[in-house]
Amino acid sequence: MARAERLMQPLRLSLGIFGICHRRQKSEVNPAIDDPAKKTSIIVKHSTENFLRFYCAFVCTLLSLNVLRYLPSFWVGIDFIPNLTSLRIITLLFYLQNAIVSIVLFIFYDNRNHFESYVKQYIDAVEDQISKSLMLNPKSNRIRKCGARNLAIGWTYFTINASLTIFAINTNFSPVIPVLACNPFPNTSLSVRVLASFVQIISSGVSIFPVVMFCTLVSAIEFLYDDLYDVMKQTTIEQNSCRLDIFKNIRKKHLQLCKMVETVDQSLQFYLAAVFVINLGIACFTTYEMINKSVPSTDLAHISILSFWLAFAILTTLIITKKAATLHEKAHGLSKEIFNIDVNDTNIDDMIELNLLMTKLHGPSIGLSVLGIITITKEMILTLAGLFVTYFFLLLQFRI
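These figures come from a predicted structure and were not determined experimentally. (Residues numbered from 1 in each chain as written. Predicted model: local features only at pLDDT ≥ 70, side-chain atom pairs only at ≥ 80, totals over all residues. Heavy atoms only, no water.)

Quick look at the overall build of the protein now. Helix and strand counts for the protein stand at 13 helices and two strands. Residue burial in the protein is summarised as follows: out of 400 residues, 50% are buried. Considering only intrachain contacts with a sequence separation of at least 6, the fraction spanning at least 24 residues in the protein is 83%. Carbon and sulfur atoms form 65% of the exposed surface of the protein, whose accessible area is close to 20,000 Å². (Helix = DSSP H or I, 4+ residues; strand = E, 2+ residues; numbered from the N terminus. Buried < 20%, exposed > 50% of the residue type's maximum accessible area, 1.4 Å probe, protein only. Contact = heavy atoms within 4.5 Å. Areas by Shrake-Rupley, 256 points an atom, 1.4 Å probe, with all protein chains shown as cover.)

Next up, the structure:
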């Protein structure tokens, strides 16, 4: 447990800064403590955790109220500017996505059947007797490097995004951005701009670091599937009397990893739905705005900001789709090696284990889904790309 906590600590700290990660209020295990010094330490720790939980609830409330605050901006505002409907829709979708993500992640960390269950399953997957008998290596260094790389990319992008956002709100770089960020309140007020900048910083973190979390959680499962695939590949080559026990353990370990995938799917399917649906909406309306140009085309700042929004929506969706599709492929990857097994000397017990494993591999899709309706595969990338390209050329045709 301690090793898993250390691996996740940098990620949890980054998520906690933006109010989208906290510890559960009630632990599964509450050991008796007689040492007064340890009791004091536990009390301080619980107080910190309660404060962090309150902070996460505050962020959820703030982002939800921010959505309600922005709704009147379509019709009224102290410095209301007409003909910005598509830009206001893009802004509203961004706020709505962040509110949904913050609520989903609050439940994810607060419910013992979600993140806590994932951590327990991961510990069992790397430390149980099956892993020892198969000589599986958890490769914690590889997981740590992957998490560090993802965090570095996330913080780099957040720094750039937050800096540009604050600069655009508090300067005349683009006269439209302060109006969009502050409506229906006056963007000339310093206090309103400061509050809008704070909300944008929190929103940037809420939109970026869940992607980092998702990639890290999925990568940990992918590494375990890779180790299992290596064992299966070696087993198909070697002919020994222990193959039956190895096949049994491989099947049990595969079921264990599939349970981890199911836990992540049940926990984050609403997050994936928010990413796909809302990012697709943001990409479509941004493309519409860039083609129809509701503001003068000579406004280079406006075009730059729209390009940045479009790139973020597309890249975020592409990264998550690619990661989920890779997990789906690795979960079904064992079937490639099963067909290479020489069954001439295989007894009936071996065949039973292989048939059970094949039934699992060729049954319902093992992977992450959108609301449990559509399993994310590589084909989905082409579907989304085709949908967006079709929409783009329709807009272009009507524009011409």
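Having seen the structure, we can now continue with the description.
On to the nonpolar core, then. Residues Met 213, Phe 214, Tyr 225, Tyr 271 and Leu 368 are the most contacted members of the largest nonpolar core, which totals 101 residues. Setting aside residues up to four positions removed in sequence, Met 213 forms contacts with Leu 11, Leu 15, Leu 105, Phe 108, Tyr 109 and Leu 268. (Core = buried A, V, L, I, M, F, W, Y, C linked by side-chain atoms within 4.5 Å.)

Helix length check: helix α4 (residues 115-127), at 13 residues, gives a terminal C-alpha distance of 18 Å against a target of 18 Å (1.5 Å per residue), a fit within 8%. Among the residues making up α4, those that are buried are Phe 115, Glu 116, Ser 117, Tyr 118, Val 119, Gln 121, Tyr 122, Ile 123, Ala 125 and Val 126. (Expected span 1.5 Å × (residues − 1).)

Further remarks concern a nonpolar patch on the surface. Among the surface-exposed residues, Phe 51, Phe 54, Phe 58, Leu 195 and Phe 198 lie close enough to one another that they form a single nonpolar patch of about 570 Å² accessible area. When residues of the nonpolar patch are traced back to their parent elements, those giving at least two are α2 (36-70) and α8 (190-237). Among the elements that make up the nonpolar patch, the one with the highest residue count is α2 (three residues). Note on placement: Phe 198 falls in helix α8. (Patch = residues over 30% accessible without salt bridge, like charges linked within 9 Å, V, L, I, M, F, W, Y side chains within 5 Å. Salt bridge = Lys/Arg side-chain N within 4 Å of Asp/Glu carboxyl O.)

Bringing unusual backbone geometry into the picture now. The phi torsion of most residues other than glycine is negative, and most of the peptide bonds are trans. Across the junction of Asn 183 and Pro 184, the peptide omega takes the value 5°, indicating a cis bond. Relative to the assigned elements, Pro 184 resides in the loop between α7 (176-182) and α8. A positive phi angle, close to 60°, is found at Leu 371, a residue other than glycine. The topology assignment puts Leu 371 in the loop between β1 (369-370) and β2 (374-375).

With that settled, consider the state of the cysteines. Under the defined criterion, the tally for this structure stands at zero disulfides. Left unpaired, Cys 56 is separated from the closest cysteine sulfur, that of Cys 21, by 6.8 Å. On the basis of relative accessibility, which here comes to 1%, the residue Cys 56 falls in the buried class. (Disulfide = S-S within 2.5 Å.)

On to the packing of aromatic side chains, then. In total, this model carries 13 aromatic pairs according to the counting rule given. Aromatic ring contacts, followed pair by pair, group Tyr 70, Phe 74, Trp 75, Phe 94 and Tyr 95 into a single cluster. (Phe/Tyr/Trp six-rings, centres within 6.5 Å; stacked < 30°, edge-to-face > 60°.)

What follows covers the side chain of Thr 377. With respect to the secondary-structure elements, Thr 377 resides in the loop between β2 and α13 (378-399). With a relative accessible area of 15%, Thr 377 lands in the buried category. Thr 377 has contacts with Thr 321, Ala 325 and His 328, leaving out every residue within four places of it along the chain.

A separate point is the environment of Ile 381. Among the secondary structure elements, Ile 381 is positioned in helix α13. Of the residues examined, Ile 381 reaches a relative accessible area of 21% and is grouped as partly exposed. In the structure, Ile 381 is positioned 59 residues away from Lys 322 in sequence and 7.5 Å away in space, judged by C-alpha atoms. Discounting chain neighbours no more than four positions away, the residues touching Ile 381 are Leu 318, Thr 321 and Lys 322.

What the rule picks out here adds up to three salt bridges. Between Lys 323 and Glu 222 there is a salt bridge whose closest N-O contact spans 3.6 Å. Taken together, the positions of Lys 323 in helix α10 (residues 300-331) and Glu 222 in helix α8 put the pair 101 residues apart, joining distant regions of the chain. When the shortest N-O distance is used, the salt bridge between Glu 329 and Lys 378 registers 3.0 Å. Separated by 49 residues along the polypeptide, Glu 329 in helix α10 and Lys 378 in helix α13 bring together distant segments of the chain. By relative accessible area, Glu 329 is classed as partly exposed at 36%.

Within the element layout of this structure, Thr 171 appears in the loop between α6 (140-170) and α7. The exposure class assigned to Thr 171 is partly exposed, which follows from its relative accessible area of 24%. The residues touching Thr 171, leaving out its near neighbours within four places in the chain, are Pro 178 and Arg 193. There is a polar contact of 2.4 Å between the side chain of Thr 171 and the backbone oxygen of Phe 167. (Polar contact = N/O pair within 3.5 Å; in protein donor to acceptor, adjacent residues only side chain to side chain.)

A word on the side chain of Gln 269. With respect to the element layout, Gln 269 can be found in helix α9 (residues 243-292). Residue Gln 269 is classed as buried on the basis of its relative accessible area, which comes to 15%. In contact with Gln 269, not counting residues within four places along its chain, are Val 264, Ser 369, Val 370, Leu 371 and Gly 372.

Per-chain confidence: the protein averages 79 in pLDDT, with 82% of residues scoring 70 or above. Note that pLDDT drops below 50 for residues 27-35; the model gives that stretch seven contacts with residues more than four away or on any other chain. Counting interchain partners and residues more than four positions distant, the pLDDT-below-50 stretch residues 37-44 has four contacts. (pLDDT = per-residue confidence, 0-100.)

When you line up the elements, Ala 311 lands in helix α10. Among the residues examined, Ala 311 registers a relative accessible area of 35% and is labelled partly exposed. Expressed as a C-alpha distance, the spacing of Ala 311 and Ala 283, which sit 28 residues apart in the sequence, is 8.3 Å.

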